[in-house]
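Observations on chain architecture
Chain by chain, the residues run as shown.
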Amino acid sequence: MEAAQGPSPATRAEVLNARLTARGAEVADDDAGDHHLRVTRYTGVNPPIALTTNYHWPTRQDEMEGNYFYYSRSDNPNYLLLEKELTRLHHGSSAVVFATGMAAISAVLLSLVRKDKAVVRANEIYNDVPRLLQEMTEMSGTQVITVDICDTEAVIKSVEQENVRVLYFESASNPNSFVPDFDELIRRTREVNPQCLVVVDNTFLSPIHFRPLDHGADIVIESGTKYLSGKGDVLLGAVVFRKKQADQGDMVLTAITQRVKRWRSVGGGSPSPMSCWLVSKGLETLRLRMHHATATALEVARFLETVPCLSRVVFPGLASHPCHTRAVKYFGEKNSGAVLRFHICLYGPTVDQMLTDPHPFMHAVSLGESHTLLYPVPGESRLFPEDAEREVPDYVGYWFRVAIGLETAEDIISGFLHELVTKVGEVKKFDAKTRQLSFRGKLPSPCPYLFFFAGESDGGKGQKPPSQSTDGQGTRRAIFIERVAGDEAGGGKAAKKGKATVTLGLAAAADEKALLTKGTALFCFKSALTLYTELVGKK
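What comes next is a walk through the structure. (Residues numbered from 1 in each chain as written. Predicted model: local features only at pLDDT ≥ 70, side-chain atom pairs only at ≥ 80, totals over all residues. Heavy atoms only, no water.)

1. Some words on the pattern of salt bridges
Enumeration according to the criterion identifies 13 salt bridges in this entry. The partner of D75 in a salt bridge is K261, with the nearest N and O atoms 3.1 Å apart. Of the two residues, D75 is situated in the loop between α2 (60–65) and α3 (77–89) and K261 in helix α10 (residues 249–266); the sequence distance between them amounts to 186 residues. Between R312 and D387 there is a salt bridge, with the nearest N and O atoms lying 2.6 Å from each other. Placement of R312 in strand β10 (residues 310–314) and of D387 in the loop between β13 (373–380) and β14 (396–403) is noted, with a sequence separation of 75 residues between them. What makes R312 buried here is its relative accessible area of 3%. Ionic contacts of the salt-bridge type, sharing partners, join the residues E153, E184, R187, R188 and E191 into one network. (Salt bridge = Lys/Arg side-chain N within 4 Å of Asp/Glu carboxyl O. Helix = DSSP H or I, 4+ residues; strand = E, 2+ residues; numbered from the N terminus. Buried < 20%, exposed > 50% of the residue type's maximum accessible area, 1.4 Å probe, protein only.)

Shown next, in the form of structure tokens:
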């Protein structure tokens, strides 16, 4: 008996077509008898993912209309979909997406700045951008001028140089959220140097809270890795160009747009279709996520200002931030971003313990994800140019960058920060020679770390509320006690009787007399592990 024969090629095509027509596809025969699955229409709610390297060669009509793809390094349907969405969100004319944010920044700067030309860049920007500019200087002699972006006069003095081609800054800088006067800065840049294009990295705010193109910027850059995606599962960058206007610069801008897109292809900075698809899906919830995160950040920042052991809190939504007025003007009362910083006088080993012990925050770089991310860097509490003139106290310690996620403010505050520091009494006497401390109150167990909050003494009657005990510049005067002698779990028997021998941590000697005085409030700083254990026990 002969073996059963399968269906003929024609029959196979008919069967496939019958099954696929309802799914928006068809099987077509070519002259060689091969069969190709071609999508002719798609009715799914979610956009499809074009996971393909190349495409059927376009017809002559396709070529004439420019409506075709031929190789995914140059273009892809998922690139096009995301670019259209970003163009709409930013009120732009066109967009180009890249494999990463740095690929996008590199393409823009390398496209705009030729040999021996200059870039004026803000004094605080994402740390890999100065490295890129250094490489450009070494390769082609690019001149890089660094300027305080909040000093409009200094910026204009720099950009008026004839060889300057780019003014580069961030809408809210990483990590301290410096905010320039956009309208004045861009208007005057146009007047003194029409050849200079204004490039703004808008990653900290997203198009939901700020659109630089609406304020006259030529090009805006977004890191799709951050808020646009929102889940920490993709790398992507994007460049969006302003709408064409009837001025001389538009012909140049059109050429730049084409050049940036060529850089993506020849430089190999093309994203994957899957990455574009993930960011496109992330844009569906961007508005909800941004409003939640920024509202939460403001609430957390206001709370942190009341925590006694923190020497400083930096967030543009707070009146203590030097750019607060501009942030309100351009972003609104409650839309100043979702990244804040606080300073604390801690040693490196203590910081390491905080981050490695279990706690609700994730120790990681980046921002814009569903989890709140905590990242420390060593530094002094003086931060802004005007701090020295204002005599803001200068403490050595660590800055913690907090990138707020999708948790509620209550979860972040009540679940961790609210119980980080506890008032345990007040100072009676401190002997600087013997390091012997007498105090009213009782240290909890365990209590390996102490802080003294420096408000005005009121003769032992108590302490002003932390929110009122500042120097007027958002900085509290706090002194750190590294440890209590004896049994660190509770400070020993002497500590339980209101006495302890302490080792000072990072406080200057000049602060001791001012801070360790009668009536100064005494606080216990709990380790992350202790606090986590207590919180779990309460549940």
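Here the narrative resumes, following the displayed structure.
2. Considerations on the nonpolar core
L112, L167, Y168, F169, L304 and L340 are the most contacted members of the largest nonpolar core, which totals 109 residues. The element best represented in this core is helix α12 (residues 286–304), accounting for nine residues. Residue assignment places this core across two domains, with domain 1 (77–282) and domain 2 (288–453 + 519–537) each supplying three or more. In this structure, L167 is in contact with V120, I149, V155, V159, L185, T189, C196, L197, V198 and V199, ignoring residues within four places of it in sequence. (Core = buried A, V, L, I, M, F, W, Y, C linked by side-chain atoms within 4.5 Å. Domains from an automatic or database assignment. Contact = heavy atoms within 4.5 Å.)

3. Some remarks on the packing of aromatic side chains
Inspection of the entire model under this criterion finds nine aromatic pairs. Residues F178 and F384 carry aromatic rings whose centres are separated by 5.5 Å and whose planes lie at 85° to one another, so their mutual orientation is edge-to-face. One end of the pair, F178, is in the loop between β6 (164–170) and α7 (182–192); the other, F384, is in the loop between β13 and β14, and 206 residues separate them in sequence. With relative accessibility at 10%, the residue F178 sits in the buried group. The rings of F169, F182, F210, Y330 and F331 are connected pair by pair, giving a single aromatic cluster. (Phe/Tyr/Trp six-rings, centres within 6.5 Å; stacked < 30°, edge-to-face > 60°.)

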